[in-house]
Structure formats: structure tokens, C-alpha cells
Amino acid sequence: MKNVLLIGLGRFGRHAAKRLDELGHQVMAVDVDEKRVDDALPYLTKALIGDSTDYAFMSSLGIRNFDLCIVAIGDDFQSSLETTSLLKELGAKMVISRAARTVHEKFLLRNGADEVVYPERQLANWTAVRYTADHILDYIQLDGSHGIFEISVPPEWVGKTIGELDIRKKYQVNVMGTKSHGEMNLTITPDTLLSADNTMLVLGSIKDVQKHFGI
């Protein structure tokens, strides 16, 4: 469990608060909008209405006590930038800031952000891969050229084992697990048998997955 300071409770911040709560973390949130704070209260350990660019207010929060600070401000880049810089000045251990444009990402990294998330770009990448392929059910991008894909088992693979198909050598991808009726099996051996009701979790380059699975 981690202590998380979440700044900004717009749509992105509210979704982040809900998920952090589900994962069992302690979340303090800050926003200037009282209604946003009220809407997110069910997911928060504590919430304050205040200006995250105000030095005195932010100093009162004990920034050094948080394991992680998330700047989820998406509609005011100046405030996001000032908040990011102020968090680092006050001794934040880890600052994750949201970017709404590519140029924002560069400035945030230069002004104290340890990592930057760009939800619109990440969702656009996911959508492009997911919905242009008949066999891709889900996708996690690892870098510019690699990802983890949930793929339906090709008909010609049904009834065969991982070892029999020699997947790594022939297709340059690694099968990390299988999924059947919502249940994951991450214990993969050469004797793992593939069935028609399986999907596979495959790690590999986008290029190889495109080539062999017809993205």
C-alpha cells in the first residue's frame, strides 16, 4: 500500500482515484473545484479544496510523506507545470504528470516530472492496433516497437502444444500465458496444449505480430 497525493479531479483524476482505491492505496486528493472533490470523495482517504500552485498551501500537505504524487491537471497547462515544479521543490519522491500535448511532455520532464503520461496518445495507439486486427483482443505497448498482445489461437494451432509449434523459433514471439473463460494460466511449458477456447498472451515486436497474426 502506498500513500498517494493526487492533484486534479477531472475525468482522468477521478478514474485514477477510483482505481487507486480499488488497489488498496491511501489517496489524498486536491482540486480547486469543490464539486469535483465531492464527486470523488467515495474513492479518497482525504480531500482538500485548494490551489496546487500556492506554496504555503502545498507546504502544509507534507509532500515528503507521500510515496507518489500524480499531477492529473489536464485543462490548465500552466498550473500543471507550476505544480510539478513545486512538488519537486518541496521534496516529492516521485512525480507523475499528465500531458495533453507532446510539447507539454517535454516541458514537464524539464521541470521536475519523473514520468509523464499522455492518455490521449496512449489510447489512440491502443485503438489503432486493437481495432485494425481481427485477432487482437487487447494490447499493452511496452515501447515504440514491442508490446504484449492478447491474441485468439489461430485455427491451425488448435490441439497442438507450444513445443510442437516451436513458436519462439518460428514466429519470434514468446507465449507468456493463456486465458480461458476469464481464467489466466501463466504456467507455460512446451507441453501446454492450445484449444479453441483459449486466447494467448504474446510478447513480441509489433512487426513480428503483424507478420504472423495478420494485424
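Here, the structure is the one placed above.
Criteria and thresholds
- Residues numbered from 1 in each chain as written.
- Predicted model: local features only at pLDDT ≥ 70, side-chain atom pairs only at ≥ 80, totals over all residues.
- Heavy atoms only, no water.
- Helix = DSSP H or I, 4+ residues; strand = E, 2+ residues; numbered from the N terminus.
- Buried < 20%, exposed > 50% of the residue type's maximum accessible area, 1.4 Å probe, protein only.
- Contact = heavy atoms within 4.5 Å.
- Salt bridge = Lys/Arg side-chain N within 4 Å of Asp/Glu carboxyl O.
- Pairing = 2+ DSSP bridges.
- Axes fitted to C-alpha atoms, helices over the stretch in contact; angles between N-to-C directions.

Further remarks concern the environment of Asn-125. Along the chain, Asn-125 turns up in helix α6 (residues 119–130). Given a relative accessible area of 31%, Asn-125 falls into the partly exposed group. Spatially, the C-alpha atoms of Asn-125 and Ile-151 are 17 Å apart, while their sequence positions differ by 26 residues. Ignoring any residue separated from it by four or fewer positions in sequence, one finds Asn-125 in contact with Tyr-139 and Gln-141.

A word on the pattern of salt bridges. Summed over all chains, the structure comprises seven salt bridges. A salt bridge links Lys-35 to Asp-39; its shortest N-O distance comes to 3.0 Å. Placement of the pair is Lys-35 and Asp-39 together in helix α2 (residues 34–40), with a separation of four residues, close to one helical turn. Lys-35 gets classed as exposed once you look at its relative accessible area, which sits at 56%. Here Arg-36 makes a salt bridge to Asp-75, at a shortest N to O gap of 3.5 Å.

Taken in spatial order, the five strands make up an open sheet running β7-β8-β11-β9-β10, and their pairing is antiparallel. The sheet terminates laterally at β7 (136–141) and β10 (183–185), the two strands that pair on one side only. The average undirected angle you get between the axes of adjacent strands in this sheet is 20°. Across six bridges, the pairing between strand β9 (residues 174–180) and strand β11 (residues 198–205) is antiparallel. Opposite Lys-179, over in β11, you have Thr-199 as the bridge partner. Strands β7 and β8 (146–152) of the sheet are contacted by α6, whose axis makes an angle of about 145° with β7. Across the face of the sheet, helix α9 (residues 206–213) comes into contact with β7, β8 and β11 while running at roughly 135° to β11.

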